[in-house]
Amino acid sequence: MSFKGNLRPSQAEVVEIARRQLATGQKQLHIVAPPGSGKTVLGLWLWAELIQQRCLVLSPNSAIQSQWAARTDLFKCDLSSDEMVSTDPQSPSLLTSLTYQSVTMPARKNDLIDEQAIELWAQTLIEEGQAMDVGEANVWIDDLRTHNEDYFRKRFGSYRKKIRDEASMSGESVSLLHPSSQATLQRLADQGVGVLILDECHHLLGHWGRVLSDALEILSHPVVIGLTATPPDTSGKDARDVQRYEKFFGEVDFQVPVPAVVKDGFLAPYQDLAWFVRPTDEELKFVASVDRQLEGLIEEVCVAPKSSSTDVDVDEAENVGHKAEIESDAEQPLGLIQWLGVTLESLRLPTGEMSDWKSFSKRDPQFSLASRQFLASRNQPLPENVPELPALDSHESVPGMEYIVPVLDRYVRHYLRRSPLSVCHDRATQLTESLRLLGTQITETGSRACVSPVGRVMAWSKNKANAIVPILRQEIDNLGDSIRAVVIADFEKTSAVSTELRDLMDEETGGAIAAFKVLLSDEKTDSLEPILLTGSTILIDDEIEAEFLQQSQAWLAERELQVELTSSVVADFRQISGSGRDWSPRVYVEMITEHFQRGLTQCLVGTRGLLGEGWDANRINVLIDLTTVTTSMSINQLRGRSFRLDPGWKEKLANNWDVVCVASEFNKGFDDYRRFCDKHKNLFGVTDDSAIEKGVGHVHPAFTEIKPEGIEKSVSVINAEMLERSRNRDGVRETWKIGEPFRGEAVSAIELKMPGSPGGFPPFSNSTDAWTSGSLTEAIGNAVLASLTELKLVQPSGSLATGQLVGNYVRVFLQNATLEDSQIFSNAMKQILGPLDRPRYMIPRSVDEREQTFLSRILPGIIGKYFVKSKNVLARLHAVPDALCKNKSAVSVFQKHWNEHVSPGDAIFAQRGEGAKTLEDAKAEQKIKTVMHEKEIFH
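Residues numbered from 1 in each chain as written. Predicted model: local features only at pLDDT ≥ 70, side-chain atom pairs only at ≥ 80, totals over all residues. Heavy atoms only, no water.

A. Expanded view of the overall build of the protein. Within the protein, the secondary structure is distributed over 35 helices and 31 strands. Over its C-alpha atoms the protein spans a radius of gyration of 33 Å, differing by no more than 12% from the 30 Å that the globule rule assigns to 939 residues. For the C-alpha atoms alone, the extent of the protein along its principal axes is close to 90 × 85 × 65 Å. Within the protein, the fraction of its 939 residues that count as buried is 54%. A separation threshold of at least 6 residues defines the contact pool for the protein, and within that pool the share at least 24 residues apart is 74%. A total of about 42100 Å² of accessible surface is found on the protein, and carbon and sulfur atoms cover 48% of it. The distance from the centre of the 101 positive side-chain charges to the centre of the 132 negative ones in the protein is 4 Å. (Helix = DSSP H or I, 4+ residues; strand = E, 2+ residues; numbered from the N terminus. Rg over C-alpha atoms; globule rule 2.2 N^0.38 Å. Buried < 20%, exposed > 50% of the residue type's maximum accessible area, 1.4 Å probe, protein only. Contact = heavy atoms within 4.5 Å. Areas by Shrake-Rupley, 256 points an atom, 1.4 Å probe, with all protein chains shown as cover. Lys, Arg positive; Asp, Glu negative; His and termini not counted. Charge placed at Lys NZ, Arg CZ, Asp CG, Glu CD.)

What follows is the structure in structure tokens.
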């Protein structure tokens, strides 16, 4: 066999790694690469041209199983396709492509497991006090079997699963398989499988992995090749499963980031966009009521609970401090404000009292920050031994829940639960139950998010579905008849509507059907002839009914599939039903996907379960993501649908849209935004200065993991910017710089946005242009870099790079530098551009203010400039970075370069004397509002 084409650069790199590992006797290869990067071809090449032994490929579904068989047509071979490849477990071939289910199906009936399941059920009833002994428990179970069969089957099934899982954990999984799966494994072993390719191998963190780990011995330990778009999320998984997975595949041998494949030209470039909405009026009323409940809860717990066990009235001691007035926590209950005062003043943690603030903060940095933010939000002073918050960490800069939750969590776990007073235990229970309803679960070890009514309202707001219309109206204008849009939701419709939300939500809210109906409600989006397809439903626009049935019947007849289609009227659309031997989701998804590719419909609406992993439609150029999923595994699979190259549009650029619901005035109003941030945590995207950035900042510089800058006033502005960017496909494609190499090493960068224009001219005689945010940042960056280089704090190879980003943000970083050097530079820039917290040295920056005179206005420019009035004024004082003021010599070096690039002026020692007074005056006058973020980027 031989490959007809040429390997891509990343594929060739994997082949060389495989050659080396096989030569040393290693039998594991673990590859992470995005959808569309050529994993299938790579796996086939390793089988056919390198390993050259019989191969078993396992995939998570039949669609991917068929892709492996189909791609063998890329190889020359003297054998017929039937002789070379098989998808039938009954007749293995040189390459046998099967699903994981076909070799891991558990036995339907196993007497031993059934007996053990009943024993476990009975034992559980006894432990929970529902039965006195085994006999009584068995009577209860038998009664259920006779009188409530549905409930019996459900509970019995859960106990059978527990027994089966425990057995498989102990290495007995093969013996628990269905006879057909055991026979398939033995048949493959008899044929002599030499290589096992496990596609989308992240699925093996569970039952499939347990079975295949045990099955390796049956297959005589073949070479194992694991392929996936993303490693699995191991959080919350059984440690034994995690260890088995890591042992099975070993460490990742090669990881192909999406940008590398885009720059190589084998994936379509893309941009990530976001559309912001607010909840409906009814939804806002509900969110507001929950917010009032939270505020009331905080007001209540800030003061001490009433205790019958003490006569001390501690309600009056509301201010922070007063440690001396509180002789013993064990004698009187403390309110939250009082407890914070005692804790911060004494630097007390559950492990004991810390010697100083630095040790306290290092031991629990989240609480040391959140406690000060909480007290500041309630206008409470800090104890004298506790430092003030840096301006960049003020409570106004983060959503309230970011500091409320850590404070309440520590109050419950560190004080209330550990108190000997029953009134404290009651308050701990009250707080825990109330916070659970508000979306926070306090456990023994900390707090974690949980499902809350407000979270559901924000995630599935009706206005999120309504946002599809303005987005697609713009994309229709952008793309015309070439538009191919996909809208993906979590579900078709849901019955999981809690009691609190029944007046706000129905079973369709937040689902695919609601999105489909919104599309039909607007004349322009209705022209896309949308089709909805889920695991159980097909809905089509009524206008394409006849054409849909005609093309579908022709498609089915061409493939000799026995299916009968019927159409029924539902409101102003049609529901399509099918019957016959061959009717299944796999068939109708493939059929409708082809209709989509050809343009019978230009918009598909579906669920991530159906239009996610393994689904391909290379003409997609607009993806609207309404899902709430945040795991990197699911997100990469979902976003990977739009990255495919389109042979009919060589300049394709896909727009991937998220719809985000915010209500910034409420404590829980950023729940959906946080979910949006989690989605992008491990996604790469290109920015306006051609840098590649991981995280939500690549969508817009104003977006941070805390909250978007100025979102309260700028939703419409950001949405308008997003629409403008959606039009600029050619420009965004240029920023990807396709064909240039991708340097997969991170560097630290600073992004900043100054309030308005810096103002004034550089105070040098030859300056002709006023300062801009970009030119001033570049000048300061040059002074800092020259100083760091002269003092040999960074390598001389690094060079300054600046870029202008959307929203008037400026980015500055060191290119061609190590991460360590770029971090040193970024730290220095943060300090010099940030507020004056506690600098050791300061340096002034002056500017020239120029005023036109009568002569300067009437004379020609070249002469008139000599008659412009110029006045030198102080713009502000800047902190000299710590790295550049460790001694007078270093300060002198920095001052020299500052004077050369930025402004004349002498550095001022700010720790005592006149310098300290100047610092206090400057802090009072300088209200620095520069927005600044530090990020890691790839360039």
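B. View of the nonpolar core. Core analysis: the largest hydrophobic core is formed by 101 residues, its most contacted members being Phe276, Phe374, Leu472, Ile624 and Phe703. With residues near it in sequence (within four places) discarded, Phe276 still touches Val660, Val662, Tyr673, Phe703, Ile711, Val715, Ile718 and Asn719. Counting 49 residues, the second largest nonpolar core, distinct from the first, contains Trp68, Phe254, Phe643 and Val732. (Core = buried A, V, L, I, M, F, W, Y, C linked by side-chain atoms within 4.5 Å.)

C. Layout of the pattern of salt bridges. All chains considered together, the criterion is met by 37 salt bridges. Ionic pairing is found between Arg729 and Glu475, a salt bridge with its closest N-O pair at 2.9 Å. Of this pair, Arg729 sits in helix α29 (residues 729–736) while Glu475 sits in helix α21 (residues 468–479), and the two are 254 residues apart along the sequence. (Salt bridge = Lys/Arg side-chain N within 4 Å of Asp/Glu carboxyl O.)

D. How the structure looks around the sheet that holds strand β6 (residues 95–99). Taken in spatial order, the seven strands line up as β5-β6-β3-β7-β8-β2-β9 in an open sheet, and their pairing is parallel. Every interior strand has two partners, whereas the edge strands, β5 (85–86) and β9 (254–255), have only one. Direction of pairing for strand β2 (residues 28–32) relative to strand β8 (residues 223–228): parallel, over a ladder of five bridges. Residue pairing across strands places Gln28 opposite Val224, the latter belonging to β8. The strands touched by helix α2 (residues 39–51) within the sheet are β2, β3 (55–59), β6, β7 (195–199) and β8, with β8 carrying the most contacts at an inclination of about 165°. (Pairing = 2+ DSSP bridges. Axes fitted to C-alpha atoms, helices over the stretch in contact; angles between N-to-C directions.)

E. A look at the state of the cysteines. Applying the stated criterion across every chain yields a total of zero disulfides. Free of any disulfide, Cys661 has its nearest neighbouring cysteine sulfur in Cys677, separated by 14 Å. We classify Cys661 as buried; its relative accessible area is 0%. (Disulfide = S-S within 2.5 Å.)

F. Quick look at helix α30 (residues 773–790). Its 18 residues give α30 an end-to-end C-alpha distance of 26 Å, which sits within 8% of 26 Å, the value for a rise of 1.5 Å per residue. Just downstream of α30, Lys792 is the residue with a positive phi angle, here 60°. (Expected span 1.5 Å × (residues − 1).)

G. Representation of the environment of Gly697 in the model. Take Gly697: it is sitting in the loop between β24 (692–694) and α28 (711–727). Put simply, Gly697 and Val457 are 240 residues apart on the chain and 25 Å apart in space, counted from C-alpha to C-alpha. Residue contacts for Gly697: discarding those within four places in its chain leaves Phe703 and Lys935.

H. Here's a closer look at the environment of Glu721. Summarising the element assignment, Glu721 is placed in helix α28. You can call Glu721 partly exposed: its relative accessible area is 21%. For the pair Glu721 and Val806, spaced 85 residues apart in sequence, the C-alpha separation works out to 8.2 Å. Other than its neighbours up to four places away in sequence, Glu721 contacts His700, Val806 and Gly807. Within the structure, Glu721 has its side chain in polar contact with the side chain of His700 (distance 2.5 Å). (Polar contact = N/O pair within 3.5 Å; in protein donor to acceptor, adjacent residues only side chain to side chain.)

I. Highlighting the pairing of strand β25 (residues 746–753). Taken across its eight residues, β25 has seven buried, putting it largely inside the fold. Pairing analysis gives eight bridges linking β25 to strand β31 (residues 931–938), with the strands arranged antiparallel. Bridged to Ile750 within β31 is Glu934. Two strands pair when backbone bridges link them, and β25 and strand β27 (residues 809–815) are joined in this way by four bridges, in the antiparallel orientation. In the sheet register, Ala749 faces β27, and the bridge partner there is Phe813.

J. Examining the confidence of the model for the protein more closely. Per-residue pLDDT for the protein averages 86, and the proportion of residues at 70 or more is 91%. Confidence, expressed as mean pLDDT per element, reaches its minimum in the protein at helix α32 (residues 854–858) with 51 and its maximum at α21 with 98. (pLDDT = per-residue confidence, 0-100.)

K. Looking closely at the packing of aromatic side chains. Inspection of every chain in the model, using the stated rule, returns 29 aromatic pairs. Taking the centre distance of 5.5 Å and the plane angle of 70° together, the rings of Phe684 and Phe938 count as edge-to-face. Of this pair, Phe684 sits in strand β23 (residues 684–686) while Phe938 sits in strand β31, and the two are 254 residues apart along the sequence. On the accessibility criterion, Phe684 (15% relative accessible area) is buried. Each member of the aromatic cluster is reached from another via a ring pair, and the members are Trp339, Trp357, Phe360, Phe367, Tyr411 and Tyr415. (Phe/Tyr/Trp six-rings, centres within 6.5 Å; stacked < 30°, edge-to-face > 60°.)

L. Representation of the sheet that holds strand β17 (residues 538–541) within the structure. Sheet architecture is open: nine strands sit in the order β10-β22-β21-β15-β20-β16-β17-β19-β18, paired in mixed fashion. Both edges of this open sheet fall to β10 (270–277) and β18 (564–570), since each of them pairs with a single strand only. In this sheet, adjacent strand axes meet at a mean angle of 20° when their direction is disregarded. Pairing of β17 with strand β19 (residues 573–579), which is carried by four bridges, proceeds in the antiparallel orientation. Each bridged residue has a counterpart across the sheet, and for Ile538 the counterpart in β19 is Ile576. Each of β10, β21 (622–625) and β22 (654–661) touches helix α27 (residues 671–680); the most contacted strand, β22, lies at about 150° to it.

M. Structural context of the packing of helix α14 (residues 336–346) against helix α16 (residues 365–377). One way to put it is that α14 packs onto α16 with a least axis distance of 11 Å and a crossing angle of 135°. Considering the angle they form, α14 stands oblique to α16. As α14 packs across α16, the resulting crossing turns out to be left-handed. Residue-level inspection shows Leu336, Ile337, Trp339, Leu340, Thr343 and Leu344 of α14 in contact with α16, the latter providing Phe367, Ser371, Phe374 and Leu375. Taken together, the residues that form the contact of α14 with α16 break down as eight nonpolar, two polar and no charged. (Parallel < 35°, antiparallel > 145°, perpendicular 65-115°, else oblique. Left-handed = near helix turned anticlockwise from the far one by under 90°. Nonpolar A, V, L, I, M, F, W, Y, C, P; charged D, E, K, R; others polar.)

N. Helix α13 (residues 281–302), seen in detail. When the terminal C-alpha atoms of α13 are compared, their 31 Å separation across 22 residues agrees well with the 32 Å that a helix rising 1.5 Å per residue should span. The inward-facing, buried residues of α13 abut α14, α16, α17 (400–416), α18 (422–437), α19 (453–459) and α20 (462–466).

O. Summary view of the packing of helix α1 (residues 9–23) against α2. Their axes nearest at 11 Å, the elements α1 and α2 cross at an angle of 40°. Judged by the inter-axis angle, α1 sits oblique to α2. For the element pair α1 and α2, the recorded crossing hand is right-handed. Here Gln11, Val14, Val15, Ala18, Arg19 and Leu22 of α1 come into contact with α2, specifically with Val41, Leu42, Trp45, Leu46, Leu50 and Ile51. For the contact of α1 with α2, the residue count by class is ten nonpolar, one polar and one charged.

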